[in-house]
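# Tertiary structure, described
Chain residues, written in single-letter form:
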Amino acid sequence: MTISFRNIVIVGRQEASRVAEPRGSLTQHLKDAGANLLPKDDIGNADLVMSIGGDGTMLYASRLTRETGTPILGINRGRLGFLADVTPDELISSVDNVLAGNFTTDSRLLLEARLHRSSTEDV
């Protein structure tokens, strides 16, 4: 297998039981494939971010990568998974395809909104 993404960051709620098992098997698989797993604090040096969780985790990963444009691979462990493409059953085979360069990208817009109040009183 050829790795086109050498430096990888995995994001996801580590305390969530639905995330812990796939994260563990994914971490071991990536290490065996020769990938460098970086801590979240080093996301600026990542070639790929893997987001394990639901749509909220994908949105969180998007905020982390908005300045660098680092690609995100979404692994669905939430309830609906509108944003994540990879299901747990396809985890290893899908990751292998991505690492081998067999993937397509999809660009999405990221909106930012702020609420400004005219006073500090609670309404």
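Let me sum up the structure you'll find in this document. Sequence order sets the numbering: in each chain, residues are counted from 1 along the sequence as written. The model is predicted, so local features are restricted to residues of pLDDT at least 70 and side-chain atom pairs to those at 80 or more, both for listing and for counting; the totals for chains, interfaces and linings are taken over all residues. With hydrogens and water set aside, each side-chain value is computed from the structure's full complement of heavy atoms.

Let's shift gears to the pattern of salt bridges. Whenever a carboxyl oxygen of Asp or Glu lies within 4 Å of a side-chain nitrogen of Lys or Arg, that contact is scored as a salt bridge. In the structure shown here, the tally under the stated rule is 3 salt bridges. As a salt-bridge pair, Arg13 and Glu15 come within 3.2 Å of each other at their nearest N and O atoms. The pair Arg13 / Glu15 is uniform in exposure class, with both members exposed. Ionic pairing is found between Asp106 and Arg108, a salt bridge with its closest N-O pair at 3.0 Å. A 1.4 Å probe rolled over the protein chains alone gives each residue an accessible area, and that area as a share of the maximum for its type sets the label: buried under 20%, exposed over 50%, partly exposed in between.

Attention now moves to the packing of aromatic side chains. We describe a pair of aromatic rings using the distance from one ring centre to the other and the angle between the two ring planes. Pairing of aromatic rings covers Phe, Tyr and the six-membered ring of Trp, with a centre-to-centre limit of 6.5 Å; geometry is then stacked below 30 degrees between planes, edge-to-face above 60, and tilted otherwise. Summed over all chains, the structure comprises 1 aromatic pair. Geometrically, the ring pair formed by Phe5 and Phe103 is tilted, given 5.4 Å between the ring centres and 40 degrees between the ring planes. Here Phe5 is found in the segment before strand S1 (7-11), whereas its partner Phe103 is found in the segment after helix H3 (91-99), with 98 residues between them in sequence. A residue is classified by how much of its surface remains accessible, and Phe5, at 10% relative accessible area, is buried. Helix numbering and strand numbering both begin at the N terminus, where a helix is a DSSP run of H or I of at least 4 residues and a strand a DSSP run of E of at least 2.

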